Amino acid sequence: MKKGNDLFRYPFIFYLYKEINNIMKTFYPDSISKKALHQIMLGTITPRPIAFVSTVDNEGIRNLAPFSYFNAISSNPPMLVLSVNRNTDGSKKDTLLNIEKTGECVVNMVDSSIANQMVLASTAFSKSTDEFMKSGLTPISSSTTKAYGVKESPVRFECKLERIINFGDFAGASSLIICNVSCVHIEEKAFDKNGKIDPVSLNIIGRLGRAFYVKTTKESVFSIPHLKTKTPLGFDNLPTSITNSKVLSGNDISKIAGLENLPTIGEVKHLKHLLDSFGPEVVHQIAGAELQTGDIHSAAKLLMTVEYFL
Ligand SMILES: Cc1cc2nc3c(=O)[nH]c(=O)nc-3n(C[C@H](O)[C@H](O)[C@H](O)COP(=O)(O)O)c2cc1C
């Protein structure tokens, strides 16, 4: 693509160009700056959960800082990981120093009500600063660690250090902190009336690139029911009249591919009149609408009408 080409001033034409050419930008870590690579990692591996990590040092000074290179790695035993980068001068961040010394921390999850306080706590305050006081958050005693939890946080994981893996001691080098969960506290309102955790009530935020975050709202949450079939057909066992559909998306076709069997000719022959009246494209559109309502079997019957009778 030539820079300054007038065509690309028009977003729709640019969109079409991209669609036709499926443009991808390719990067090799050694051929771009560390900063640019960091932004690519931050901006594309998203949304990331945020561990709002509370520790204490040997003098009992409370430290609090967020880390989005964080995840659960095991439920049995329950384990978490977070990755703490070295400061620009190669020195260790307080969180890493404290966990090295005390062997424990509390990972507090962040909901949107404390998002700004979490960002405030990410400031590199001096080691002697109580970051609970700085961020206006309330320390709450833990059951199994000396490190305090954040009272305002909806979920608190008390953790004991399993091991630290250091990937260097230069600026930005990360230390992977692997922790065992010794106790978890979850606010009661996170549970629905069936005792299941409701993601919307929790409203945990995630980190995107730059200064962007996501909330877990009713509008942003969707569900994909677990497959009921043990041996789904898969795309490779579907007829090309379905897999090459000009109407159905990959997500739509996945629902049909999740079935164990396709309807037989006998099961669909009463629908042939629809194909005769409206043609294959409209039948695929009706099937698409059935898929949206969750009626996968009706959709499969309509699609197989096209396969059997066209
Ligand atoms: C949302 C968010 C996520 C962050 N994730 C990380 C991370 O994964 N690793 C890291 O080293 N720093 C991360 N930071 C920066 C640290 O929070 C920051 O360096 C903080 O001052 C470290 O505090 P400490 O020296 O008290 O440990 C993040 C900051 C924010 C706001």
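Here, the structure is the one placed above.
Here is a short report on the structure shown in this document. The structure displayed is predicted, hence computed values, not measured ones.

This next bit is on the site of the ligand. By nearness alone, 18 residues border the ligand, and A65, Y69, N85, K93 and T95 come closest of all. Of all the elements in the fold, those that place two or more residues in the shell around the ligand are β3 (62-67), β5 (78-85) and α3 (94-102).

Summarising the element assignment, V84 is placed in strand β5. On the basis of neighbour count, V84 is assigned to the buried category, with 24 C-beta atoms found within 10 Å. Contact partners of V84, with chain neighbours within four places excluded, come to F67, K93, T95, L96, S174, S175 and I177.

Turning our eyes to something else, we now look at the pairing of strand β4 (residues 70-75). Each regular strand shows side chains that alternate between the opposite faces of the sheet. Of the pairings in the sheet, the one linking β4 to β5 comprises 5 bridges and is antiparallel in character. If you follow S74 over to β5, its bridge partner there is M79. Count of turn residues in the β4/β5 antiparallel hairpin: 2 residues.

Another point: the nonpolar core. Membership of the largest hydrophobic core comes to 32 residues, with the highest contact counts inside it found for A51, F52, V53, L82, C105 and V107. Elements supplying a minimum of two residues to this core: β2 (51-56), β3, β5, α3, β6 (104-108), α4 (115-121), β9 (155-166) and β10 (174-186). Broken down by element, this core gets its largest block of residues, 4 residues, from β2. Beyond its immediate stretch of four places on either side in the chain, V53 contacts A65, F67, L82, T95, C105 and V107. In this structure, A287, A299, M304 and V306 belong to the second largest nonpolar core, which totals 14 residues.

Conventions and cut-offs
- Residues numbered from 1 in each chain as written.
- Predicted model: local features only at pLDDT ≥ 70, side-chain atom pairs only at ≥ 80, totals over all residues.
- Near = placed C-beta within 6 Å.
- Helix = DSSP H or I, 4+ residues; strand = E, 2+ residues; numbered from the N terminus.
- Buried ≥ 20, exposed ≤ 12 C-beta atoms within 10 Å, placed from the backbone.
- Contact = placed C-beta atoms within 7 Å.
- Pairing = 2+ DSSP bridges.
- Core = buried A, V, L, I, M, F, W, Y, C linked by C-beta atoms within 7 Å.

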